[in-house]
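Chain by chain, the residues:
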Amino acid sequence: MSETPAEITPDIIKSHGLSEDEYQKVLGIMGREPNITELGIFSVMWSEHCSYKSSKKWLKTLPTEAPWVICGPGENAGVVDIGDGQAVIFKMESHNHPSYIEPYQGAATGVGGILRDVFTMGARPAANLNALRFGSPDHPKTRHLVAGVVAGIGGYGNCVGVPTVGGECEFHDSYNGNILVNAMTVGIADTDRIFYSAATGAGNPIVYVGSKTGRDGIHGATMASTEFTEDSEAKRPTVQVGDPFTEKLLIEACLELMGTDCIIGIQDMGAAGLTSSGFEMASKGGVGVDLNLDHVPQREDNMTPYEMMLSESQERMLMVLKPGTEDQARAIFEKWELDFAIVGQLTDSGHMVLSHKGKIVADLPIDPLAAASPEYDRPWVPTVKAEEISADSIMPPADIMATLERLLSCPDLASKRWIWEQYDHMVMGDTLGIGRPGGDAGMVRVHGTNKALAMTSDCSPRYCLADPVEGGRQAVAEAWRNLTATGATPLAITDNMNFGNPEKPEIMGQFVGCIEGIKEACLALDFPVVSGNVSLYNETNGQGILPTPTIGGVGLLQDASKAIGMGFIDEGDHIIVVGETLGHIGQSVYLREIEGREDGTPPPVNLATERKYGDFIRRCIQNQTINACHDVSDGGLLTCVAEMALAGKKGCQIAQPTDTPAPHAWAFGEDQARYIITSKNADRLISEAQAEGIAIAALGIVTGQDVSLKSHGSVSVTTLSDRHESWLPGYMAP
Amino acid sequence: MKACVIVFPGSNCDRDLQIALRDAMGSEPDMVWHGDSTFGDVDLIAVPGGFSYGDYLRAGAMAAKSPVMREITRRAEKGVPVLGVCNGFQILTESGLLPGALMRNADLKYVCKDVHLKVEATDTPFTQGYENESVLRIPIAHHDGNYFANDDVLNELEDSNRIAFRYTDVRGERSPQANPNGSRHDIAGIVNKARNVLGMMPHPERLADPSLGGSDGKAMFTGLVEALS
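What you are looking at is a predicted structure, and each value in this text was computed from that prediction instead of being measured.

About the thresholds
- Residues numbered from 1 in each chain as written.
- Chains lettered and ligands numbered in written order.
- Predicted model: local features only at pLDDT ≥ 70, side-chain atom pairs only at ≥ 80, totals over all residues.
- Helix = DSSP H or I, 4+ residues; strand = E, 2+ residues; numbered from the N terminus.
- Buried ≥ 20, exposed ≤ 12 C-beta atoms within 10 Å, placed from the backbone.
- Contact = placed C-beta atoms within 7 Å.
- Rg over C-alpha atoms; globule rule 2.2 N^0.38 Å.
- Pairing = 2+ DSSP bridges.
- Axes fitted to C-alpha atoms, helices over the stretch in contact; angles between N-to-C directions.
- pLDDT = per-residue confidence, 0-100.
- Core = buried A, V, L, I, M, F, W, Y, C linked by C-beta atoms within 7 Å.
- Left-handed = near helix turned anticlockwise from the far one by under 90°.
- Nonpolar A, V, L, I, M, F, W, Y, C, P; charged D, E, K, R; others polar.
- Expected span 1.5 Å × (residues − 1).
- Parallel < 35°, antiparallel > 145°, perpendicular 65-115°, else oblique.

Chemist: I'd like a description of the overall build of chain B, backed by residues and values.
Modeler: If you tally the helices and strands in chain B, you get five helices and 11 strands. Across its three principal directions, the C-alpha atoms of chain B cover 45 × 35 × 35 Å. Looking at the 229 residues of chain B, the share that counts as buried comes to 57%. The long-range share in chain B, meaning contacts at least 24 apart out of those at least 6 apart in sequence, stands at 76%.

This is how it looks when you write it as structure tokens:
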């Protein structure tokens, strides 16, 4: 073994995020004291970010199978059959900590990383989404973070030429010190050309392609596994720097190589770079790895083995090739002017052996390290149930229509056009006109076919805080409804679990509760989890974020021409509400924005009702008996109707049906399992639904240029639109 | 009619143009790699949008020096029609085939949205499929679309009727609100003196199929096929 300049002191062990117990395990596995490079490798492999040590026990309980699932969690991304020999491959991943420290590069490299997870598996990326959560608009950093994150996502996604078609953006002071940037990529591949990460065949060459390795991002995975303190900004050097141009070349080169027969296994270098990709590939294939670090393309001089193994430089991939195909593969990467280097070979030693300048600098057993990866059953306490709030205990507002204006222009419900107009949402020529951002779901045609994919991301963190189980159910149900509202058959989800410090039993209780809710909803709705990501320690100075299990959902439209949007279509169309309106006001946007209260219980989710009503909606769209549909969520029924008026630039006249709750609860309560639809033939639709036992009621008709509610007055679509559109641009340009 | 689409490293609207041309021509355009110093005889050369060479140095600046651009310049001088869309327009100004420059948008932000354009010159192979003065809805998607040229150049463009497209509102009226990027004289697209080279920031290929939300871009491609077949 070579010299190890740094002595392994307790301080060094601690700074590598390893506990006393974990270090004892390291000694057991190694049978000796590790050197600094080896310690660094243990540190990243066992970090929360890479090992899922706090969450694994619970993630295992999620349903991951269905006849249409080709590959569930555990690979780079989930794979789902969409018929005709094609598959959709998708995943959502967080880049929270880096985006707070350096918003542009943090967000940009988040997009780059998730794109690589998807094209690594053989898919051409077809669309991106992103779910963003920022601190209070009044917080001095928020504006700067919004500007930087949006520019970073746009700067990367626009350049690689993948349309960004959807997402969400909310504000809450719990995110003041920990913003959330969750990026999702959806790609399409042929089912006989899906690539996995397992490395097999002793003697086969290991090839490094893409950008050179620099000193950026060292210990990014460890940073993402601790809480922030005031001096976290000193961690800026650990944020990686992205180059979308190289990523675009890497996509094209990898897809070109994947069209040949050269690749045995392929894995992107994400968190923990060369270390984790090398380990994962070898561990899955049951082989050993010899790497010669002298052959790693390097951007800087005098890099140490420690730095090379822990660098998180972007736009890099590791592959195992079939022997004899090296030249064919090299020619493709040279055409795209990317580095291509044979950096080692597979062995049957079961060890990862690293050499540098003629010396062995690390020698680690692969299986023991992977098998001994910590798994904790962290103590947790269930979240205490909140008290339910009756709508009758809330003073009704003086003016329902003025309240509607206020809600449509509040930060969470205001138009996010300022954001998505900075994203190219049409490049590649498959984004459906009604599938552009701003609707229930983004819709992108499966290239060269009449099929389309619908995609959405959803979560209501305030519900999850009040009742994690109900909040988990609701996040999945809302994603399912958003897909359903376009006519798509929901296929599967990816879950991006963003939580505080799991070492606190109440935070762990939020995690456990949300998982339980997600599980129940996935089972009831046949909507399995095929990929995901966990981001813990989203805390600053001991203050955690709202529990935020972001759900990314994907659905399939067999005939894209039958998809519908949410905008009103024709004068005289009947407006109908499907689902029961009980006026649940607890945890509503109304309660928060108008009453200044964030309490109560979230609306209960009845999964059997969700299923039944959603299946009915989808059938109506399939039979073309309805021409617009919007799921009722934040802001309630009247907000939903107004959003349909805004999207269609048409007014309406509606009236509150009899036997319904007080006007403000009816208009703004957030009961679940509801949709607003429009149809030419209301009577028939209503009688059919009633025959099936579905709660349904006529509300009025599409007409004129005002949104008008009988006995409560009206407001013009233009006024609503001005209020809805002006908040975010006004906020960003003070 | 034969056409080719040039592919630079970083081009990302090459496939979109390929499809719009294929749909109009009923045959496949050739895809030509930037490193090729020559290519087969074609009736139309299309330079697509995207981020050639990552927009490093300046949008279009590096592509303008690539081997294939020397050949494109030679063919353009012989009268072969050349269409540059978005980054293609930037490349054509950087290579001197069209006058002026495309600067950072006036509000400094990337912008992707539908805008309205008025067709102001229909005596070119690119625009002969449109009625003069018609108003089109076409998307833009760029960070550097703010057309600049000095007064002499602008006067010459105006006097020789070389402004093919101008940003307007839906009624065809010019206004600062209808200009999405600060372009002088609301210029969205221009032709060269010989009227065989067109550069435009908006993307006609993105709205040439009704299921994508509109088809106002289609007449450019069907018009080209009519003019060049």
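Chemist: Before we move on, could you go through the overall build of chain A and cite the residues and values that matter?
Modeler: Along its length, chain A carries 25 helices and 27 strands. For a compact globule of 734 residues, the expected C-alpha radius of gyration is about 27 Å, and chain A comes in at 26 Å, within 12% of that figure. Its C-alpha atoms give chain A principal-axis dimensions of about 85 × 50 × 45 Å. The buried share of chain A, taken over its 734 residues, is 61%.

Chemist: I'd like to hear about the interface of chain A and chain B, residue by residue, with values.
Modeler: Think of interface size as the accessible area that goes away when the parts come together; that is how it is often given. Listed as interface residues are 23 residues of chain A and, on the opposing side, 24 residues of chain B. Mapped onto the side of chain A that touches chain B, the elements with two or more residues apiece are α8 (142-160) and α10 (244-258) of chain A.

Chemist: Report on the sheet that holds strand β7 (residues 205-210) of chain A, specifying residues and quantitative values.
Modeler: Two orientations exist for strands paired in a sheet by backbone hydrogen bonds: parallel and antiparallel. Residue and element names in this part refer to chain A. Ordered in space as β8-β10-β7-β11-β9-β12-β13, the seven strands form an open sheet in which the pairing is mixed. If you trace the sheet from one side to the other, it starts and ends with β8 (263-268) and β13 (359-365), each paired once. The average undirected angle you get between the axes of adjacent strands in this sheet is 25 degrees.

Chemist: Account for the pairing of strand β3 (residues 44-47) of chain B, with residues named and values stated.
Modeler: Residues and elements named next belong to chain B. Neither face of β3 is open: one carries Leu-44 and Ala-46, the other Ile-45 and Val-47, and all of them are buried. In terms of strand pairing, β3 meets strand β4 (residues 82-85) through three bridges, oriented parallel. In the sheet register, Val-47 faces β4, and the bridge partner there is Gly-84.

Chemist: How would you sum up the confidence of the model for chain B? Please name residues and give values.
Modeler: On average, residues of chain B score 97 in pLDDT, and 100% of them are at 70 or above. Both confidence scores are given for the complex: pTM 0.96, ipTM 0.97.

Chemist: Give me the lowdown on the pairing of β8 of chain A, citing residues and values where you can.
Modeler: All names here are of chain A. Among the six residues of β8, six are classified as buried, and the element is accordingly described as predominantly covered. Sheet analysis places β8 next to strand β10 (residues 316-321), joined by five bridges and oriented antiparallel. From the neighbouring strand, Ile-263 faces β10, where its bridge partner is Leu-321.

Chemist: Requested: an account of the sheet that holds strand β15 (residues 452-458) of chain A, with residues and values cited.
Modeler: Residues and elements named next belong to chain A. Pairing is mixed across the open sheet formed by five strands, whose spatial order is β14-β15-β20-β16-β17. Each edge of the open sheet carries a strand with a single partner, namely β14 (442-445) and β17 (529-535). Taking the axes of each pair of neighbouring strands and ignoring which way they run, one obtains an average angle of 20 degrees across the sheet. Sheet analysis places β14 next to β15, joined by four bridges and oriented antiparallel. Paired with Val-444 across the bridge in β15 is Leu-453. Those strands touched by helix α18 (residues 468-484) are β15, β16 (489-498) and β20 (548-557), and its axis lies near 25 degrees from that of β20.

Chemist: I'd like to hear about the nonpolar core, residue by residue, with values.
Modeler: Residue and element names in this part refer to chain A. Leu-453, Val-476 and Val-641 are the most contacted members of the largest nonpolar core, which has 308 residues in total. Ranked by residue count, the leading element in this core is helix α19 (residues 505-525), at 10 residues. Excluding anything up to four places from it in sequence, Leu-453 contacts Val-88, Ala-126, Val-186, Val-444, Val-446, Val-554 and Leu-556.

Chemist: Please provide a residue-by-residue account of the packing of α19 of chain A against helix α21 (residues 607-622) of chain A, values included.
Modeler: Two measures define how a pair of helices packs: the angle their axes make with one another and the distance between the axes. All names here are of chain A. One way to put it is that α19 packs onto α21 with a least axis distance of 9 Å and a crossing angle of 40 degrees. As α19 runs across α21, the sense of the crossing is right-handed. Mapping the contact onto sequence places Glu-520, Ala-521, Ala-524 and Leu-525 in α19 and Leu-607, Ala-608, Glu-610 and Arg-611 in α21. Residues of the contact of α19 with α21, tallied by class, amount to five nonpolar, no polar and three charged.

Chemist: Run through α10 of chain A, naming residues and quoting values.
Modeler: Since the α-helix turns once every 3.6 residues, residues separated by three or four places project in the same direction. For α10 of chain A, which comprises 15 residues, the first-to-last C-alpha distance of 20 Å matches the rise-based estimate of 21 Å (1.5 Å per residue) to within 8%. Burial analysis of α10 of chain A places 13 of its 15 residues in the buried class, which makes it a mostly covered element.

Chemist: So what's going on with unusual backbone geometry? Which residues, and what values?
Modeler: All names here are of chain A. Even without being a glycine, Asp-526 presents a positive backbone phi close to 50 degrees. Relative to the helices and strands, Asp-526 resides in the loop between α19 and β17. One non-glycine residue, Gln-624, lies in the positive phi region at around 60 degrees. A count of 13 C-beta atoms within 10 Å places Gln-624 in the partly exposed class.

Chemist: Account for the packing of helix α7 (residues 103-119) of chain A against α10 of chain A, with residues named and values stated.
Modeler: Residue and element names in this part refer to chain A. Contact pair α7 / α10: the axes reach a minimum separation of 11 Å and the direction vectors enclose 0 degrees. Taken together, the axes of α7 and α10 lie roughly parallel to each other. Seen from α7, the contacting residues are Gly-112, Leu-115 and Phe-119; seen from α10, they are Pro-244, Glu-247, Ile-251, Cys-254 and Leu-255.

Chemist: Explain the environment of Leu-591 of chain A residue by residue, including any values.
Modeler: Residue and element names in this part refer to chain A. Note that Leu-591 resides in helix α20 (residues 589-595). By the C-beta count within 10 Å, which is 22 here, Leu-591 ends up buried. Not counting residues up to four positions away in its chain, the partners in contact with Leu-591 are Ile-585, Gly-586, Arg-597 and Gly-600.

Chemist: Please give an account of the environment of Val-529 of chain A that cites residues and values.
Modeler: All names here are of chain A. Tracing the chain through its elements places Val-529 in strand β17. Distance in space between the C-alpha atoms of Val-529 and Tyr-376 is 22 Å, their sequence separation being 153 residues. Residue contacts for Val-529: discarding those within four places in its chain leaves Leu-62, Pro-63, Thr-64, Pro-73, Ile-493, Asp-495 and Cys-522.

Chemist: Can you lay out the environment of Gly-166 of chain A for me, pointing to particular residues and giving the numbers?
Modeler: All names here are of chain A. Note that Gly-166 resides in strand β5 (residues 164-171). The exposure class of Gly-166 is buried, given the 31 C-beta atoms found within 10 Å. The spatial distance from the C-alpha of Gly-166 to the C-alpha of His-425 is 8.5 Å, given a sequence separation of 259 residues.

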